[in-house]
Amino acid sequence: MEGGVVSGDVVTVIQARTGSSRLPGKVLLPLNGTTILERMLERVKASRLAGTVVVATTTDAADEEIVALAARAGVCCYQGHSTDLVDRHYTVARTLGARHVVKIPSDCPLIDPAVIDRVLSYYLAHAHALDYVSNLHPGTYPDGFDVEVMGIDTLATVWEEARKPFEREHTTPFIWNRPERFRIANVTWETGEHCALSHRVVLDYIEDYEVIRRVDAALASVRPRYTVRDIRRFLDLNPDVVALNERHRGVSWYQNHLDELPALRGLEPEMATAE
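Cut-offs and rules
- Residues numbered from 1 in each chain as written.
- Predicted model: local features only at pLDDT ≥ 70, side-chain atom pairs only at ≥ 80, totals over all residues.
- Heavy atoms only, no water.
- Helix = DSSP H or I, 4+ residues; strand = E, 2+ residues; numbered from the N terminus.
- Contact = heavy atoms within 4.5 Å.
- Areas by Shrake-Rupley, 256 points an atom, 1.4 Å probe, with all protein chains shown as cover.
- Salt bridge = Lys/Arg side-chain N within 4 Å of Asp/Glu carboxyl O.
- Buried < 20%, exposed > 50% of the residue type's maximum accessible area, 1.4 Å probe, protein only.
- Pairing = 2+ DSSP bridges.
- Axes fitted to C-alpha atoms, helices over the stretch in contact; angles between N-to-C directions.

*Asks:* How would you explain the overall build of the chain if you had to name every residue and give the values?
*Replies:* Per the secondary structure count, the chain includes 10 helices and nine strands. Across the chain, contacts joining residues at least 24 apart in sequence account for 70% of those joining residues at least 6 apart. Of the roughly 11300 Å² of accessible surface on the chain, a fraction of 50% belongs to carbon and sulfur atoms.

Written out as structure tokens, the structure reads:
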């Protein structure tokens with residue numbers, strides 16, 4: 001129990017689909033004897049506080065393979081709207097009776113269970129006083145370790161009121177953009193470092209896949225639960241790997257929406273425009 005909140009009240013939702021516009025089928029790509037999504041599920045399930053882990057995919061026929069993969073991994077799977085991620089998350093939480101919802105996108109396959117627990121433990125200890133906690137604004141961890149947590153009442157408000165397509169698709173910008181309305185906190189990397197723009201292990205492009213494949217191949221056989229610090233150390237020692245996706249560093253979908261997200265102006269470091 002953390003701060004009077006039972007972690008069993010938590011549901012962690014991994015949003016995944018095969019219809020990615022930049023790298024179709026990325027979650028099913030092979031990764032050293034498994035797949036991207038299966039490796040991610042292994043890592044998320046190793047979190048101490050993640051509660052019930054659910055894959056939220058779509059009703060598209062192509063995503064039946066994700067449903068089958070989740071079943072093999074022993075993880076619940078929900079199928080919903082292809083672009084309304086608010087509805088997917090809210091339906092999962094409401095169906096399971098969750099009080100607290102964790103959002104982790106499937107483009108973060110090497111997520112460190114300890115990072116999940118750090119963000120979640122902060123939220124759970126302050127859930128009486130906070131509506132939303134993440135490690136994103138500003139980001140300090142390497143790109144690819146996104147964790148967002150919110151209460152069910154906060155998610156219900158988003159579900160009822162969010163209208164803009166990008167708010168529905170990306171689930172939480174309705175919250176970030178209203179700091180005067182929602183009680184928001186950010187968890188930074190305990191090292192004091194800021195690596196969001198210098199170290200990229202998020203999966204959006206084929207070059208990202210090659211970086212992730214090489215990181216996992218080098219580290220998994222030595223330490224299956226390798227950490228964010230292990231990844232950072234490997235990248236620092238292998239500049240040739242870092243160079244593979246260097247042109248995508250700092251790329252973020254919301255750079256194309258900053259005119260609609262005034263709360264983020266000045267908070268985020270200078271980033272490239274999403275392609």
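*Asks:* Now, about the pattern of salt bridges: what can you tell me, with residues and values included?
*Replies:* Should their charged atoms come close, side chains of opposite charge can pair. By the definition in use, this model includes 23 salt bridges. Between Arg183 and Asp131 there is a salt bridge, with its nearest N and O atoms 3.1 Å apart. One end of the pair, Arg183, is in the loop between helix H7 (173-176) and strand E9 (184-186); the other, Asp131, is in the loop between helix H4 (113-125) and strand E7 (132-134), with 52 residues separating them in the sequence. Since its relative accessible area comes to 39%, Arg183 is described here as partly exposed. Note that Arg213 is salt-bridged to Glu210, the shortest N-O span being 2.6 Å. One end of the pair is Arg213 and the other is Glu210, both in helix H8 (residues 206-219) and three residues apart, which spans about a single turn. Via salt bridges that share partners, Arg22, Lys26, Asp143, Arg200, Asp204 and Asp208 belong to a single interconnected network.

*Asks:* Requested: an account of the sheet that holds E9, with residues and values cited.
*Replies:* One open sheet holds the seven strands; their spatial order is E5-E4-E1-E6-E8-E7-E9, and the pairing between them is mixed. Bordering the open sheet on either side are strand E5 (76-80) and E9, each of which pairs with just one other strand. The sheet shows a mean angle of 25 degrees between the axes of neighbouring strands, direction not considered. Those strands touched by helix H5 (residues 152-161) are strand E6 (100-105) and strand E8 (148-151), and its axis lies near 90 degrees from that of E8.

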